[in-house]
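Analysis of the macromolecular model
So the chains spell out like this:
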Amino acid sequence: MAIRKFTVTVTTGTATGEGFSPFLSGYIESIQYIKPGADPFADGVDFTITAETTGETIWSELNVNAAVIKHPRAATHSTAGVAATFDGTRPVLDRVALGRDRVKIAVAQGGNGTSGTFVIAVDDAR
């Protein structure tokens, strides 16, 4: 297992902004939002973080106010396409996998001319 980290800075124009990681392959271990001391996103910023090619949601959260680290997980399914659960109610989750895809970070309600940094940790299973 080798964990690699990729840093993406997103700057807003008129309250929205978009940024992309380089092409990645592996499992998303975590995404860290770093709120800078100068000109940070406004409190209540919204993040929609997806795989660019597939559109799979990696992390989507509204009204973020502070720096945070998330360890996103996705729902798993049986070979019949039915949601896998532990006991019929609690979903089985697993890491989000990327295969030569970019992480797309979309920011809304961040304020004009503000910025934030995201650190994406990927297990490339080497």
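These lines cover the structure that appears in this document, whether it is placed above or below. Note that this is a predicted model, so its numbers are computed, not measured.

Once that is clear, we can look at the overall build of the chain. When helices and strands are tallied, the chain shows 0 helices and 11 strands. Considering only C-alpha atoms, the chain reaches an extent of 50 × 35 × 25 Å along its principal axes. Split by element, the accessible area of the chain, about 6900 Å² in all, is 51% carbon and sulfur. Here the chain contributes 11 positively and 13 negatively charged side chains, and the mean placements of these two sets differ by 5 Å.

Summed over the entire model, instances satisfying the criterion amount to 9 salt bridges. Close ionic contact of Arg-73 with Glu-29 constitutes a salt bridge, the shortest N to O distance being 3.9 Å. With Arg-73 in strand S7 (residues 73-75) and Glu-29 in strand S3 (residues 24-34), the pair connects residues that are 44 residues apart, well separated along the chain. Owing to a relative accessible area of 35%, Arg-73 belongs among the partly exposed residues under this scheme. A salt bridge links Arg-102 to Glu-52; the nearest nitrogen and oxygen atoms lie 2.7 Å apart. In this pair, Arg-102 is assigned in the loop between strand S9 (97-101) and strand S10 (103-108) and Glu-52 in the loop between strand S4 (45-51) and strand S5 (57-64), connecting sequence segments 50 residues apart. By relative accessible area, Arg-102 is classed as partly exposed at 23%. Within the structure, one salt-bridge network assembled from shared partners comprises Glu-29, Arg-73, Arg-95 and Asp-123.

To continue, consider the side chain of Thr-50. When you line up the elements, Thr-50 lands in strand S4. The contacts of Thr-50, once residues within four sequence positions are left out, are Gly-55, Glu-56, Thr-57, Ile-58, Arg-102, Val-103 and Lys-104.

On to the environment of Glu-61, then. Mapped onto the elements, Glu-61 comes out in strand S5. Given the relative accessible area of 26%, Glu-61 is considered partly exposed. It is 9.9 Å that separates the C-alpha atoms of Glu-61 and Gly-44, two residues lying 17 residues apart in sequence. Once residues within four sequence positions are removed from consideration, Glu-61 is found in contact with Val-45, Asp-46, Phe-47 and Lys-70. Within the local environment of Glu-61, its side chain forms a polar contact with the side chain of Trp-59, the two groups lying 3.0 Å apart.

What counts and how
- Residues numbered from 1 in each chain as written.
- Predicted model: local features only at pLDDT ≥ 70, side-chain atom pairs only at ≥ 80, totals over all residues.
- Heavy atoms only, no water.
- Helix = DSSP H or I, 4+ residues; strand = E, 2+ residues; numbered from the N terminus.
- Areas by Shrake-Rupley, 256 points an atom, 1.4 Å probe, with all protein chains shown as cover.
- Lys, Arg positive; Asp, Glu negative; His and termini not counted.
- Charge placed at Lys NZ, Arg CZ, Asp CG, Glu CD.
- Salt bridge = Lys/Arg side-chain N within 4 Å of Asp/Glu carboxyl O.
- Buried < 20%, exposed > 50% of the residue type's maximum accessible area, 1.4 Å probe, protein only.
- Contact = heavy atoms within 4.5 Å.
- Polar contact = N/O pair within 3.5 Å; in protein donor to acceptor, adjacent residues only side chain to side chain.

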